[in-house]
Amino acid sequence: MKNIRNIGIIAHIDAGKTTLSERMLYYSRKIHRLGEVHDGTATMDYMPEEQERGITIMSACTTCQWNGHTINLIDTPGHVDFTIEVERSLRVLDGAVGVFCGVAGVEPQSETVWRQSEGFGVPKIAFINKMDRMGADFANVLEGMKKRLGANPLPLTIPNGEGEAFDGVLDLLAREHLDFDQADQGRTVTRRPWSDAEAAVAEPWRESLLEHLAEADEPFLDLYLGGEYSLDDVRAALRRATLSRAVTPVFCGSALRNSGVQPVLDAVCDLLPSPLDVPAPVGRDSEGHEVPVPPDAAAPAVVLIFKVLMENGRKLAFARVYAGSLHEGDALTNTAGRTEDRISRIYRMHADRREQLESASTGEIVALVGLRGAHTGETYCHKSRLLALEAIDSYAPVITLALEPRNADEGKVLDEALARYAAEDPTLAVRMDEETACRMVSGMGELHLDVLLERMSREYGISPRAGHPQVILRETVRKEADGRGEFDRELGKEHHFGHVELHVRPLPRGTGNRVLVGDFLPADEAEARKLLPRPLLDAALEGVRDALQSGALTGYPVEDVEVTLTAVERREGQTTVPGCHMAAGMALREALAAASPVALEPLMKVEISVPDEFLGAAISLFGTAGGRVEDLEDRSGLKHVRGLAPLRKLFGFSTSLRSATQGRAGLVLTFDRFDLP
């Protein structure tokens, strides 16, 4: 297990993640021919939509061998619309390689995925790519990592020249120049000592490396100050500092030109953690007690499902084995639904190809067939130890598209397709609009829904009529108000009664909702239960929470409000659980209507990179889209404009921006929050 590395490649779109993955597979002899993203032949971009667009849409898993280590590698998307793919991959990874463009530096989605990885406590190394491109600036990217990511970058290789002058990399620890033979696509690496000119450039970098490492690792500090240390001491200190996330080792090169990749593979094995080096995940048992799950192959099995694909009506569940071993035919219990499923096949994935295994052990990432009830984020365990690991966070969709089938037959196929895609993608929400009989599909952005329609056409041969995209709203209130609801009628053959009074007040933006019980009940719990039995109080609270899902103004969910129950009347023999539930909903609707409800729109963080001569046109266009400029900086010869704008005004903005800047502007939209426009 100490030789397993579960890592992900994370970065902004077009930083070179898939190109780097392709080289790692080629040099480890997992593949025998290099594919290119721009040719649509990259191994990890196997979906036709990925090959046509030249971007990664779905995270792909593979396994390769390097220096006696098994590397389970996940190549993640860089586009913000597919950020859930990054989130659920990071949840099961032990380490990551962050890729940065040597020209563009730290870009918006780089920040997003870096923060996601920090949230999971994932140790990282960094690879600064495209050092052969005009405008590449190694020192500028390091500065961006410090300033925008709060990272502590520690270069272990530096470029020998930048842009057109780029000629291999300099290894600061070994004091060697690394040259990558282009005759065999960089597979042969030639090492030689630094020349005098190279040493003059590299020695200050090396001294800085040792100083910063001594600051980050106390055991090495004593050796450094005493002047008595070996290269092995430095490497041991680097590993400790990387695992504690005190430093981020940085490498550089050009993946497309096959330069600088092998040092990254070495660092994955030498510096990133094995399953034994990371804190044991914590599960909860049936009584809610926290139970650590150490990586023990002899223990009962504990498996987390981090992704589900549907293939010919069967589920392929991607899983990380946290404890125990799996064999074909094993029965596992889903701790969410307490259902039992039996493993029929175990596969090791290689993008869209697979290798059948007889068993899988602790620390491995595999795909399982037979777990019919599996959903993303659920835990499967051996029945002797039922634990639920922390679920994977999802994201609320921000844009909705209405789809209408062209005939009844297409309607059945459309429903089948949408059910499959919703099962695979937690950020996709599907509902039927009863009034129009349209299927309302909600996603993370225009590209997300465009890809969905393309997949539907290719995989199912249908092309339903699509309406104009609509923005998903939220609702809140601007003042305090009281509400009163009384339900007194027959449902079926039973008479139900409930009377609830409550108070609503606004909370600061981003706080979320709070539902409280006022002081109308005595502090003594036994006395309180005599006056109002717990089932009636729970029904009233549940009625409030249910009613918060549909606001008085827009019908969208309500957020950032505090609701306090001020009275729940009990009439002996008349008050019922359904009555309290219905009365609470009526009271809340009355209070929300009186509390000056207001709609909240999704606001997007916008970053525009544009040449100086088009800056005025870009800012003017941004202003007409309701944008507010918050920051403007020079980076890599381009002006970078950052600001906020409401999503509803940004439809078609990318096309207008391309026209206004002769196609030379870059645009990144990232969801920020729901707020007043």
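Residues numbered from 1 in each chain as written. Predicted model: local features only at pLDDT ≥ 70, side-chain atom pairs only at ≥ 80, totals over all residues. Heavy atoms only, no water.

This paragraph deals with the packing of aromatic side chains. By convention here, two paired aromatic rings are described through the distance between centres and the angle between planes. Counted by the stated rule, this structure contains ten aromatic pairs. Above the ring of tyrosine 26, the side-chain terminus of arginine 187 is found at 4.1 Å from the ring centroid. Against the face of tyrosine 347 rests arginine 354, its NZ or CZ located 5.0 Å from the ring centre. (Phe/Tyr/Trp six-rings, centres within 6.5 Å; stacked < 30°, edge-to-face > 60°. Lys NZ or Arg CZ within 6 Å of the ring centre and 35° of its normal.)

Below, the discussion takes up the domain arrangement of the chain. Domain assignment breaks the chain into domain 1 (4–199 + 245–271), domain 2 (282–389), domain 3 (400–467), domain 4 (474–595) and domain 5 (601–675). Between domain 1 and domain 2, the C-alpha centre-to-centre distance is 30 Å. Opposite the 22 residues of domain 1 that make contact, domain 2 presents 18 residues. Buried surface at the junction of domain 1 and domain 2, summed over both partners, amounts to about 1,700 Å²; 59% is from carbon and sulfur atoms. (Domains from an automatic or database assignment. Contact = heavy atoms within 4.5 Å. Buried area = accessible area lost by both parts, 1.4 Å probe.)

How two helices pack is summed up by the angle between their axes together with the distance between the axes. It is at 10 Å that the axes of helix α6 (residues 196–216) and helix α8 (residues 231–243) come closest, and there the two elements cross at 55°. Compared by their axis directions, α6 and α8 come out oblique. For the element pair α6 and α8, the recorded crossing hand is left-handed. On α8, the residues touching Arg206, Leu210, Leu213 and Ala216 of α6 are Leu231, Val234, Ala237, Leu238 and Ala241. (Axes fitted to C-alpha atoms, helices over the stretch in contact; angles between N-to-C directions. Helix = DSSP H or I, 4+ residues; strand = E, 2+ residues; numbered from the N terminus. Parallel < 35°, antiparallel > 145°, perpendicular 65-115°, else oblique. Left-handed = near helix turned anticlockwise from the far one by under 90°.)

Next up on the list: helix α11 (residues 446–460). The terminal C-alpha atoms of α11, which comprises 15 residues, lie 21 Å apart, in line with the 21 Å expected from a rise of 1.5 Å per residue. For α11, the set of buried residues is Leu447, His448, Leu449, Val451, Leu452, Arg455 and Met456. Immediately beyond the C-terminal end of α11, within one or two residues, lies glycine 461, with a positive phi of roughly 70°. (Expected span 1.5 Å × (residues − 1). Buried < 20%, exposed > 50% of the residue type's maximum accessible area, 1.4 Å probe, protein only.)

Turning next to the nonpolar core. Leu20, Ile71, Val97 and Met145 are the most contacted members of the largest nonpolar core, which totals 70 residues. Ranked by residue count, the leading element in this core is helix α9 (residues 262–271), at six residues. In contact with methionine 145, other than residues within four places in its own chain, are Phe100, Val106, Trp114, Ala126, Gly150, Ala151, Pro153, Thr248 and Val250. Core analysis: the next-biggest nonpolar cluster, separate from the first, contains 34 residues, Leu418, Tyr421, Leu428 and Phe622 among them. (Core = buried A, V, L, I, M, F, W, Y, C linked by side-chain atoms within 4.5 Å.)

Turning our eyes to something else, we now look at the pattern of salt bridges. If the charged atoms of two oppositely charged side chains come close together, the side chains can form a pair. The final tally for this structure, using the stated rule, is 39 salt bridges. For arginine 191, the salt bridge goes to glutamate 176, with nearest N and O atoms at 2.7 Å. Placement of arginine 191 in strand β10 (residues 189–193) and of glutamate 176 in strand β9 (residues 176–180) is noted, with a sequence separation of 15 residues between them. Judged by its relative accessible area of 23%, glutamate 176 is partly exposed. Residue glutamate 486 is joined to arginine 484 by a salt bridge in which the shortest nitrogen-to-oxygen separation is 3.8 Å. (Salt bridge = Lys/Arg side-chain N within 4 Å of Asp/Glu carboxyl O.)

Okay, the pairing of strand β30 (residues 474–477) next. Residue alternation in β30 divides its side chains into two sets, Arg474 and Thr476 and Glu475 and Val477, and both sets are buried. Bridge analysis of β30 against strand β35 (residues 597–610) gives four bridges, and the strand direction is antiparallel. Looking at β35, one finds that glutamate 475 is bridged to alanine 599. (Pairing = 2+ DSSP bridges.)

Once that is clear, we can look at the side chain of threonine 427. Mapped onto the fold, threonine 427 is located in the loop between α10 (408–424) and β26 (429–433). Among the polar contacts made by the side chain of threonine 427, one reaches the side chain of aspartate 425 at a distance of 2.6 Å. (Polar contact = N/O pair within 3.5 Å; in protein donor to acceptor, adjacent residues only side chain to side chain.)

Take the side chain of glutamate 633 next. Residue placement: glutamate 633 occurs in strand β36 (residues 628–635). By relative accessible area, which is 17% here, glutamate 633 ends up buried. Within polar-contact distance, the side chain of glutamate 633 engages the side chain of arginine 642 at 3.2 Å.

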